[in-house]
Amino acid sequence: MRWAIRHCLLAVLVFASAAVGAPTGTLTPPPPELPAPDQFVAKDRPSDSGNSILLTWKDPPALPTGTTFEARRAEPPAYEWTKIADVNAGVGRYVDASAKDGVVYRYELRARHADLADTLGLAGAVGPAVVSDPVASHDDWIRLERMNSLVASLAFLVLLMGSIWMAGRGSQLFIRRIAGLNAVDEAIGRATELGRKVIYVPGIQPPGDIQTVASLAILGHVARATARYGTELDVPNRDPLTFTTARETVRAAYLAEGRPDLFREEMVNYITYDQFAYVAAVAGRMVREKPAANFFVGHFFAEALILAETGQTTGAIQIAGTADPSQLPFFVAACDYTLIGEELYAAGAYLSREPVLLGSIRGTDLAKVILLLLGLAGIVSATLGNNWAVSLLKTQ
Amino acid sequence: MTGLHFDTGRVLLLVCFGIVPLVGIALGLLAPSLRRQMPLIVAFVAGIVPILSLYIPKRFLSAAGEGMSPRLDQYLIIVAGFALPLGIVNVIQINARKVGRTEKGWVFSLVLLIGLLVMGAFGIYGAVSGAGIGFLPDGSSTPFQWMTDWLFRPLQATIFSLLAFFMASAAFRAFRARNVEATILLVAAVLVMAGRVPLFDLLAYPFPPLQPAAASLSQMMGRVTEWIMDGPNSAAQAGIIIGAALGAAAMAIRVILGIERSYLGLGKGD
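Small disclaimer: the values here were computed from a predicted structure and weren't measured. (Residues numbered from 1 in each chain as written. Chains lettered and ligands numbered in written order. Predicted model: local features only at pLDDT ≥ 70, side-chain atom pairs only at ≥ 80, totals over all residues. Heavy atoms only, no water.)

J.: Got a minute to help me understand the overall build of chain B in this structure?
T.: Across its full length, chain B carries nine helices and zero strands. If you list the helices and strands of chain B from N to C, you get α-α-α-α-α-α-α-α-α. Here the C-alpha atoms of chain B give a radius of gyration of 29 Å, more than 25% beyond the 18 Å that 2.2 N^0.38 yields for 270 residues. For chain B, the spread of C-alpha atoms along the three principal axes comes to 85 × 50 × 45 Å. Evaluated residue by residue, chain B yields a buried proportion of 29% over its 270 residues. (Helix = DSSP H or I, 4+ residues; strand = E, 2+ residues; numbered from the N terminus. Rg over C-alpha atoms; globule rule 2.2 N^0.38 Å. Buried < 20%, exposed > 50% of the residue type's maximum accessible area, 1.4 Å probe, protein only.)

Right, here's the structure in full:
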């Protein structure tokens, strides 16, 4: 009897407390639950140098506006979760660049909304977390996204080496005349006859610029010619690395011609690193010393026209060469001969007349023909609405 | 594993750019022909490493800051740092000799030497004293900065401004209609210039009734200019750029493989 009375009282108390705690009026809807991200994957970032893990996922449908995804990482030995990033909805990927190669990590991703209330009524609702499989970062052997470039480079290499090989076997090659290069000997000969110097400006860039390397190759030929004829050569420099390299080029050329006695250190001289101070010095030298021939070969900027026009006013025969289309018109307007673009790179081979080097020019021409055909095919297909050429030639 | 990769790159670089050149110098003392081969080996390695790093992302080769390729870039900066004093010594040697022998133009050399020494002295003083080479705490200029602002920059601007005059004289020479090509050039140049400046608006300025017609003519010239620049001009430029890019790649391959040696002053049979 006492047992029954105690249970009845307890039941009354429970109902009473439920009735007091229940809200009056209409019921408020519960806070919307944040969904879990779909297809969450953590994997080693492909085609990289290591130390990074790529997280990818898909946003779940009906995601409330303003939701972000919180990425967390657990690493040995404790495997405690540490927040690494908040990523906005719609991005769908995150690269963890703070990972270390060889360490096994686990990643967790969950939706979070700062303005929505959680189940306890506090601000900052959090959705259910999705945990990735264990993953470790490592460096890769190939950049897959550059495969098209690799294939093209290898094809070009094969074409070039094939042409060089054929030229080495004695195949007759037709190389068109390049007036500017044929005029090199003429210009130096003129300087010799007049008893005046030859100025050679190898551009204003360091030897890391391929145009400077091409210019140094031409300088080698010019220096050999001045050594043969006993003509004075002056090579003013703006870049210190080019200066030291050019000096060795000229020294070796004089040595190769058997005239080391004619080589003087001051032939190749340094002026200054400042572009316009350099121009002022070279232009002043041209006006004062009236060289018979000026060579402007290499990579130039605004100084191109100042140098070429000053040389023009002194009456020197001028040969210029650059691959920069923005400076070419100035040289064309102010110089007697201009090596345009690829002619600059072909000059070393052309002047040496070595079959092996001439073979490489043929290889370049063949590659140009292939590119031209590829370009035409791409234009036609793009006109017809197919963009295969764009995706084929796209590089990253 | 990470340490091993790190060391691989460093060891390879040390071998290629430390031991190989030293062996080359040592061999060169015995046989000059061997000395000539060493720069070619160094050029091969220096050229092939950046190309490989373009396609192979392995840590020892390409990782930022510690791979062989980024380290090579750092080496270049170090080598350039050593090359600059060589250049300065060369400037002093040549100009001091000229002044000493009172050769023609020795006064210019004297001015150059004074400028070099004064600017250099103030720069070094600023660095050593901790005052720097920019501005003092009270906002006033250091002597180095003062000379930069009031001597160097005006001189620089003077030389740069010469471009305007040289451009006019070069254009005058280039646009003379001597043959068909030069005439086409002249016509294209006139059209582009007319489209880039409000020429017709200026001409019609004194005649208000003509101004609407001038405005539409200016717009038309603008469209013609745009067509010339975007059409024939960029097509020609693209041709030059493609040719130059292939030429540059071929040149790089020749240099890397040691086929092209004229930049070393060497020719056939050397």
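After presenting the structure, the write-up continues.
J.: Can you walk me through the overall build of chain A in this structure?
T.: Within chain A, the regular secondary structure consists of 11 helices and 15 strands. Since a compact globule built from 396 residues should have a radius of gyration of about 21 Å, the 37 Å found for chain A marks it as more spread out than a globular shape. Across its three principal directions, the C-alpha atoms of chain A cover 140 × 50 × 45 Å. Sorting the 396 residues of chain A into buried and exposed places 46% on the buried side. Partitioning the contacts of chain A with sequence separation of at least 6, the portion at a separation of at least 24 is 67%. Looking at chain A as shown, the accessible area adds up to about 19300 Å², and 61% of this sits on carbon and sulfur atoms. Here chain A contributes 35 positive and 40 negative side-chain charges, whose respective centroids are spaced 1 Å apart. (Contact = heavy atoms within 4.5 Å. Areas by Shrake-Rupley, 256 points an atom, 1.4 Å probe, with all protein chains shown as cover. Lys, Arg positive; Asp, Glu negative; His and termini not counted. Charge placed at Lys NZ, Arg CZ, Asp CG, Glu CD.)

J.: Help me understand the layout of surface pockets in this model?
T.: It is the rolling of a water-molecule-sized probe over the atoms that shows where space remains empty. Counted as a void, the second largest pocket has a volume near 2100 Å³. Elements supplying a minimum of two residues to the lining of the second largest pocket: β11 (233-237), β12 (268-270) and α6 (275-289) of chain A together with α4 (68-100), α5 (106-129) and α6 (143-174) of chain B. Per-class residue counts for the lining of the second largest pocket are 27 nonpolar, 10 polar and 13 charged. (1 Å grid on protein atoms, 1.4 Å probe; cavity = no way out; pocket = protein on both sides within 12 Å on 5 of 7 lines; lining within 4 Å. Points joined across faces, edges and corners; volume = space filled by probe spheres on them. Nonpolar A, V, L, I, M, F, W, Y, C, P; charged D, E, K, R; others polar.)

J.: What is the right way to read the pairing of strand β15 (residues 337-340) of chain A from this model?
T.: On a regular strand, each side chain points to the face opposite its neighbour's, so the side chains alternate between the two faces of the sheet. Residues and elements named next belong to chain A. The sheet contact formed by strand β14 (residues 317-322) and β15 spans four bridges and is parallel. In the sheet register, G321 faces β15, and the bridge partner there is L339. Chirality of the crossover, the property in question, places the unit of β14, helix α8 (residues 328-334) and β15 among those that are right-handed. (Pairing = 2+ DSSP bridges. Right-handed = clockwise from strand over helix to strand, strands pointing away.)

J.: Got a minute to help me understand the confidence of the model for chain B in this structure?
T.: Should the pLDDT be low somewhere, the predicted coordinates at that spot are not to be read in detail. Residues and elements named next belong to chain B. On average, residues of chain B score 88 in pLDDT, and 94% of them are at 70 or above. In this model, residues 1-5 is a region of pLDDT below 50 whose contacts with residues beyond four sequence positions or in other chains number six contacts. Quick note on the complex model: pTM equals 0.83, ipTM equals 0.87. (pLDDT = per-residue confidence, 0-100.)

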